[in-house]
Amino acid sequence: MADNDQLSPWWTPARHADVRPFLAARSAITRAVRAWFDEQGFVEVETGILQVSPGNETHLHAPRTEVTGADGGRATRYLRTSPEFACKKLLAAGETKIFEFARVFRDRERGDLHLPEFTMLEWYRADATYDAVMADSIVVIAHAAQATGIGRFSFRGKSADPFAEPELLTVAAAFERFAGVDLLASVADGKGDRGALAAAANARVRIAVDDTWSDIFSKLLVEYVEPNLGQGRLTVLLEYPVPEAALARTKPSDPRVAERFEIYACGVELANGFGELTDAREQRLRFSQAMDEKQRRYGERYPLDEDFLDAVAEMPEASGVALGFDRLVMLASGALRIDQVVWTPPAGDA
């Protein structure tokens with residue numbers, strides 16, 4: 001591309017032509033995925049973007065706004081980081097198999113794999129174990145590859161066959177194999193022992209005085225584990241330690257781990273799924289602890305969605321998964337960056 005083209009707006013015909021094949025692939029994948037969900041008896045839903053709470057994870061940040069009522073009163077609202085809260089309310093309402101192509105928003109995120117506004121494909125099955133949505137995820141990824149005709153996913157020198165039987169790997173086994181750390185030795189009574197993990201990881205990552213157990217876990221995961229996942233074939237990383245359970249329930253047979261999984265291809269995280277927590281009291285406790293940590297780190301906290309917590313108590317047993325649709329399109333289309341597979345770039349981008 002010539003220098004003058006690099007400075008031209010994204011909507012100029014020449015620049016649009018460069019990404020048009022990737023956008024055509026996006027449309028083909030969307031059709032294929034929608035058709036599969038329809039065949040499986042799922043109902044497509046559309047949930048609200050403006051929420052009382054955008055989510056209650058420590059390191060997720062959401063844009064906020066104000067809405068003005070008919071009486072002139074003003075209320076704070078947030079652009080959601082996920083449709084999860086609304087979808088689970090629909091499960092409590094009686095829906096049993098739902099999916100959504102959801103526009104979601106996250107502050108402090110921009111790069112080859114991150115956009116401040118992106119599409120999350122999220123789906124839920126009532127009365128199903130998380131093995132069910134794990135299997136769904138593998139099928140959805142394969143359908144995306146079939147839609148474009150790509151044989152292998154490739155990204156930054158790594159490749160993966162989306163049609164091969166995936167590797168199933170527990171988080172504990174991955175940490176032992178790639179980082180040489182006995183992760184679960186630092187987990188007891190539903191908590192992470194920061195001192196024990198720091199001692200095990202001290203020679204492998206730089207540990208700050210105020211790093212929590214989760215900080216050390218994340219550093220090991222990013223530096224040693226994730227780069228080795230999804231090479232040659234997909235990797236399903238499962239049984240996350242309970243301090244990283246998020247909205248997943250504890251595994252009945254091993255209280256040290258939760259029914260949470262993530263799927264990787266070429267070192268890229270594609271999906272994050274749960275056997276859903278239906279204990280509202282436990283969910284409130286986890287949210288409150290996460291918001292206390294957000295306050296300590298970032299000087300802000302998000303409100304709890306009390307309506308969501310009420311719905312959690314009424315939810316059936318369920319499983320759900322969130323899949324980064326733009327990332328999937330990027331791999332299935334052969335694009336090099338996530339911004340090549342979206343119809344319009346983030347506002348303010350050239």
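The shown structure was predicted, so the numbers you read here are calculated from the model rather than taken from an experiment.

Conventions we followed
The residue count restarts for each chain, going from 1 along the sequence in the order it is written. pLDDT decides what is reported in this predicted model: residues at 70 or higher carry local features, side-chain atom pairs at 80 or more are listed and counted, and totals for whole chains, interfaces and linings draw on all residues regardless. Neither water nor hydrogens contribute to the side-chain values; these are computed over all heavy atoms in the structure. Residue burial is assigned from relative accessible area. The probe radius is 1.4 Å, only protein chains are included, and a residue is buried under 20% of its type maximum, exposed over 50%, and partly exposed in between. Put simply, DSSP H or I for four residues or longer makes a helix, DSSP E for two residues or longer makes a strand, and each gets a number counted from the N terminus. The directions from the helix axis to the C-beta atoms form the arc being described. Throughout, a contact is declared for two residues whenever any of their heavy atoms are within 4.5 Å. The criterion for strand pairing is that DSSP finds at least two bridges linking the strands in question. Pairing of aromatic rings covers Phe, Tyr and the six-membered ring of Trp, with a centre-to-centre limit of 6.5 Å; geometry is then stacked below 30 degrees between planes, edge-to-face above 60, and tilted otherwise. The criterion is simple. A nonpolar core is a set of buried Ala, Val, Leu, Ile, Met, Phe, Trp, Tyr and Cys residues joined through side-chain atoms within 4.5 Å. Note on geometry: axes are C-alpha line fits, over the in-contact stretch for helices, and angles between N-to-C directions span 0 to 180 degrees. Note on terminology: angles under 35 degrees are roughly parallel, angles over 145 are roughly antiparallel, angles of 65 to 115 are roughly perpendicular, and the others are oblique. Helix crossings are classified by the rotation of the near helix relative to the far one: an anticlockwise turn of less than a right angle makes the crossing left-handed, while a clockwise turn makes it right-handed. By the convention adopted, Pro, Cys, Tyr, Trp, Phe, Met, Ile, Leu, Val and Ala count as nonpolar, Lys, Arg, Asp and Glu as charged, and the other residues, Gly among them, as polar.

1. Thoughts on helix H9 (residues 306-314)
Buried residues of H9: Phe308, Leu309, Ala311 and Val312, and no others. Taken down its axis, H9 places every buried residue within 160 degrees of arc, on the same side. Turned more than 90 degrees off the buried face of H9, the exposed positions are Asp310 and Glu314. Where H9 is buried, its residues touch helix H3 (84-93) and helix H8 (280-298).

2. Considering the sheet that holds strand E4 (residues 74-79)
Judged by pairing direction, the sheet is antiparallel, and its 3 strands sit side by side in the order E2-E4-E3 without closing on themselves. Both outer strands of the open sheet, strand E2 (50-51) and strand E3 (64-68), are each paired with one neighbouring strand and no more. As judged from the 5 bridges shared by E3 and E4, these two strands associate in the antiparallel manner. From the neighbouring strand, Glu66 faces E4, where its bridge partner is Thr76.

3. As for helix H7 (residues 213-225)
Within the sequence span of H7, burial applies to Trp213, Asp215, Ile216, Phe217, Leu220, Leu221 and Val225. Turning to H7, the residues buried within the fold contact helix H5 (171-179), strand E10 (187-188), strand E11 (191-192), helix H6 (194-201), strand E13 (235-241) and H8.

4. A word on unusual backbone geometry
Backbone geometry at Arg108 places phi at a positive 65 degrees, although glycine is not the residue there. Assignment of secondary structure puts Arg108 in the loop between strand E5 (97-105) and strand E6 (117-126). A relative accessible area of 61% places Arg108 in the exposed class. One non-glycine residue with positive phi stands out, namely Cys266, at about 60 degrees. Turning to its location among the elements, Cys266 is positioned in the loop between strand E15 (254-265) and strand E16 (268-275). Given the relative accessible area of 3%, Cys266 is considered buried.

5. Side note on the packing of aromatic side chains
As enumerated under the stated definition, the model contains 14 aromatic pairs in all. Ring geometry for Phe85 against Phe308: centres 4.1 Å apart, planes inclined by 15 degrees, an arrangement best described as stacked. Pair noted here: Phe85 is in helix H3 and Phe308 is in helix H9, with a separation of 223 residues, a long-range link. As far as the burial class goes, Phe85 and Phe308 line up, both buried. Geometrically, the ring pair formed by Trp213 and Phe217 is stacked, given 5.5 Å between the ring centres and 10 degrees between the ring planes.

6. Description of the nonpolar core
Phe37, Leu121, Trp123, Val140, Phe153 and Phe261 are the most contacted members of the largest nonpolar core, which has 53 residues in total. With 8 residues, helix H4 (residues 130-148) is the single largest residue contributor to this core.

7. Things to note about the pairing of strand E8 (residues 158-161)
Bridging between strand E7 (residues 153-155) and E8 involves 3 bridges; their strand directions are antiparallel. When the bridges of E8 are listed, Phe155 appears paired with Lys158. Where E7 folds back onto E8 in an antiparallel hairpin, the turn is made up of 2 residues, including Arg156, whose phi is positive at roughly 50 degrees. Looking at chain direction, E8 and strand E12 (residues 232-233) are connected through 2 bridges and run parallel. Pairing of Asp161 across the sheet is with Arg233, part of E12.

8. Here we look at the packing of H3 against H9
Packing of H3 against H9 leaves a shortest axis separation of 8 Å and a crossing angle of 40 degrees. Overall, the two elements H3 and H9 adopt an arrangement that is oblique. As for how H3 packs across H9, the hand of that crossing is left-handed. Of H9, the residues touching H3 (which contributes Phe85, Lys88, Lys89 and Ala92) are Asp307, Phe308, Ala311 and Glu314. Partitioning the contact of H3 with H9 into residue classes produces 4 nonpolar, no polar and 4 charged.

9. What to know about the sheet that holds E12
Pairing within the open sheet is mixed, and its 3 strands lie in the order E7-E8-E12. Every interior strand has two partners, whereas the edge strands, E7 and E12, have only one.

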